[in-house]
Amino acid sequence: MKRNFAAAGLSLLGLVIIAGSTLALTPPAPQPASRPEEVAQQATPTVTPPPAATAQVPAAVPELPPLEDEVPQEVWPMPVEDFLAGTYLERADVVLTRREWDPASWAIRWATNSPFSHAAMIFTGPQFESGYSSTFIIEAGTGGVDLTNLRDYIADKSAFIAIKRFKKDWFDEPKQSRVRGLLLDKIKASYNYWAIGSIMRSLWFGVERSVSGDRTTVRRFRERNWNPPNEFICSGLVQIGFVEAALEYIKAGELPPSALNEVVFEREAATRLPEREDWSYLDPETSKTTAVLFRKQNFDALQSVTPEDLAASSKLDWLYFIKNGLVYKVASYDDVHKLLEN
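Rules used in this analysis
- Residues numbered from 1 in each chain as written.
- Predicted model: local features only at pLDDT ≥ 70, side-chain atom pairs only at ≥ 80, totals over all residues.
- Heavy atoms only, no water.
- Helix = DSSP H or I, 4+ residues; strand = E, 2+ residues; numbered from the N terminus.
- Buried < 20%, exposed > 50% of the residue type's maximum accessible area, 1.4 Å probe, protein only.
- Contact = heavy atoms within 4.5 Å.
- Pairing = 2+ DSSP bridges.
- Phe/Tyr/Trp six-rings, centres within 6.5 Å; stacked < 30°, edge-to-face > 60°.
- Lys NZ or Arg CZ within 6 Å of the ring centre and 35° of its normal.
- Salt bridge = Lys/Arg side-chain N within 4 Å of Asp/Glu carboxyl O.
- Arc of directions from axis to C-beta.
- Core = buried A, V, L, I, M, F, W, Y, C linked by side-chain atoms within 4.5 Å.

**Some details on the overall build of the protein chain**
Part 1: Looking only at helices and strands, the protein chain features 15 helices and eight strands.
Part 2: Burial status across the protein chain gives 42% buried among its 342 residues.
Part 3: Counting contacts in the protein chain only where the partners sit at least 6 residues apart, residues at least 24 apart contribute 66% of the total.

Printed below as a string of structure tokens:
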């Protein structure tokens, strides 16, 4: 009996051993094969690189306003040297002058009841073109039409100088150049009478003008084969330069005929022009013909424009007044009169 139990135990133990061996030898479930590169990745520990440093663009630094002592301040009245070294003047600016102790200047001022006796125009200077060290004006003087250094007037302590400007959008640099060119065309025009004769004729011109008016007096001077005095021709020269330049552009169709109304500074002559709005009732050819006829029929009046006509005209803006080496800003004829009186 015991032998049977022993045999049964041994048999059971053998089954357990056989079963355990069988279980241990059972292969695991098949796994998909890994690619070589995956194996390498698995073998090599993954190292996460630090984020790349982003280039820092410096923020735009706002421009700080310069310190007060670094800002050039315009102080008026301004020394004339600083004024001439700046960009205050423009070509074709109108220059009005007087000389306190000049007999001819006194005669013109007396005859026209004006503080000014002479007119000229800014021609060129270092602020406009390289190669110049001075500002030049174009004028009609005792010897005819010529270029003069503006400093010649400034150096005369008895001289007063005023600057006016024609301000219109259409009056650009090419048109400024044409006005100056028309004046320059007369550079050889000369007057051959003696200075004393010029003074006496200026006085007589003033007497006749006060009695007979501008146009009649100029016509009488021509009938006597006299040229009107230079001091009147100077401002007439400025007037005619503006009118003839405008006419050229009107005839070319580059300016409306109404532009002529803006450049006639002589009051009586201006009344003979159509009103600005009336030009539109004329066809283009008729308006051009009318403009040309105006210049022809009123040439004496235009030539007899005086410095006072230019000074009193609201079509020219007051800008500066130069006195005793200082430049003042002015905005009206009243401002000029106050400076003349002081």
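**With respect to the pairing of strand E7 (residues 317–323)**
Part 1: For E7, the tally of buried residues reaches six of seven residues, placing the bulk of the element in the interior.
Part 2: In terms of strand pairing, strand E6 (residues 159–165) meets E7 through five bridges, oriented antiparallel. The partner of Lys164 across the bridge, within E7, is Trp318.
Part 3: Pairing geometry for E7 and strand E8 (residues 326–329), over four bridges, is antiparallel. The residue of E8 that forms the bridge with Lys323 is Leu326.

**Focus on the sheet that holds strand E4 (residues 136–141)**
Part 1: Read from one edge to the other, the open sheet built from eight strands follows the order E1-E8-E7-E6-E2-E3-E4-E5, with strand pairing classed as antiparallel. Two strands bound the open sheet, and with one partner strand each, they are strand E1 (78–79) and strand E5 (144–149).
Part 2: As paired strands, strand E2 (residues 94–99) and E6 are joined by six bridges and run antiparallel to one another. Looking across to E6, one finds that Val95 is bridged to Ile163.

**Examining the side chain of Ser313**
Part 1: With respect to the helices and strands, the residue Ser313 is situated in the loop between helix H14 (307–312) and E7.
Part 2: Once residues lying within four places of it in the same chain are set aside, the contact partners of Ser313 are Lys164 and Phe265.

**Describing the packing of aromatic side chains**
Part 1: For the coordinates displayed, the defined rule picks out 17 aromatic pairs.
Part 2: Seen from their ring centres, Trp76 and Tyr320 are 5.8 Å apart, and the 20° between their planes marks the pair as stacked. Here Trp76 is found in the loop between helix H2 (36–43) and E1, whereas its partner Tyr320 is found in strand E7, with 244 residues between them in sequence.
Part 3: On the accessibility criterion, Tyr320 (8% relative accessible area) is buried.
Part 4: One cation-aromatic arrangement involves Lys175 over Tyr249; the distance from NZ or CZ to the ring centre is 4.7 Å.

**Quick look at the environment of Lys167**
Part 1: Looking at the element boundaries, Lys167 is found in the loop between E6 and helix H6 (173–184).
Part 2: Its relative accessible area of 45% is what places Lys167 among the partly exposed residues.
Part 3: When the C-alpha atoms of Lys167 and Glu262 are compared, they prove to be 9.9 Å apart, with 95 residues separating the residues in sequence.
Part 4: Setting aside residues no more than four positions away along its own chain, Lys167 makes contact with Asp317 and Leu319.

**A word on the pattern of salt bridges**
Part 1: Enumeration according to the criterion identifies 11 salt bridges in this entry.
Part 2: The salt bridge involving Arg165 is made with Glu90; its shortest N-O contact spans 3.5 Å. Of this pair, Arg165 sits in strand E6 while Glu90 sits in the loop between helix H3 (80–85) and E2; the two residues are 75 residues apart in sequence, bridging distant segments of the chain.
Part 3: Given the relative accessible area of 10%, Arg165 is considered buried.
Part 4: On the basis of relative accessible area, Glu90 is assigned to the partly exposed category, the value being 32%.
Part 5: We note a salt bridge from Glu173 to Arg91, for which the minimum N-O separation is 3.0 Å.

**Side note on helix H4 (residues 103–112)**
Part 1: Counting buried positions along H4 gives seven out of 10 residues, so the element sits mostly inside the fold.
Part 2: Along H4, the residues classified as buried are Ala104, Ser105, Ala107, Ile108, Arg109, Ala111 and Thr112.
Part 3: Remark: Asn113 follows H4 within two positions and exhibits a positive phi of approximately 55°.

**Some details on helix H15 (residues 333–341)**
Part 1: All of the buried residues along H15 are Tyr333, Val336, Leu339 and Leu340. Viewed end-on, H15 has its buried residues packed into an arc of 120°, placing them on one side of the element. Away from its buried face by more than 90 degrees, H15 exposes Asp334, Lys338 and Glu341.
Part 2: Buried residues along H15 sit against E2, E6, H14, E7 and E8.

**A short note on the nonpolar core**
Part 1: With 53 residues, the main nonpolar core has Leu96, Phe242, Leu260, Leu310 and Trp318 as its most contacted residues.
Part 2: The leading source of residues in this core is helix H9 (residues 230–251), at 11 residues.
Part 3: Ignoring sequence-local partners within four residues, the contact set of Leu96 consists of Phe116, His118, Ala119, Phe160, Ile161, Ala162, Lys164, Pro307, Leu310, Ala311 and Trp318.
Part 4: Counting 19 residues, the second-largest nonpolar core is a separate cluster that includes Val80, Val95, Leu150 and Val327.

**Details of unusual backbone geometry**
Part 1: Of note, the bond from Trp76 into Pro77 is cis; its omega dihedral lies within 30 degrees of zero at 5°.
Part 2: With phi around 80°, Ala92 is a residue other than glycine that occupies positive phi space.
Part 3: Tracing the backbone through its elements, the reader meets Ala92 in the loop between H3 and E2.
Part 4: Owing to a relative accessible area of 3%, Ala92 belongs among the buried residues under this scheme.
Part 5: Phi is positive for Asn324, which is not a glycine, with a value near 55°.
Part 6: Of note, Asn324 is situated in the loop between E7 and E8.

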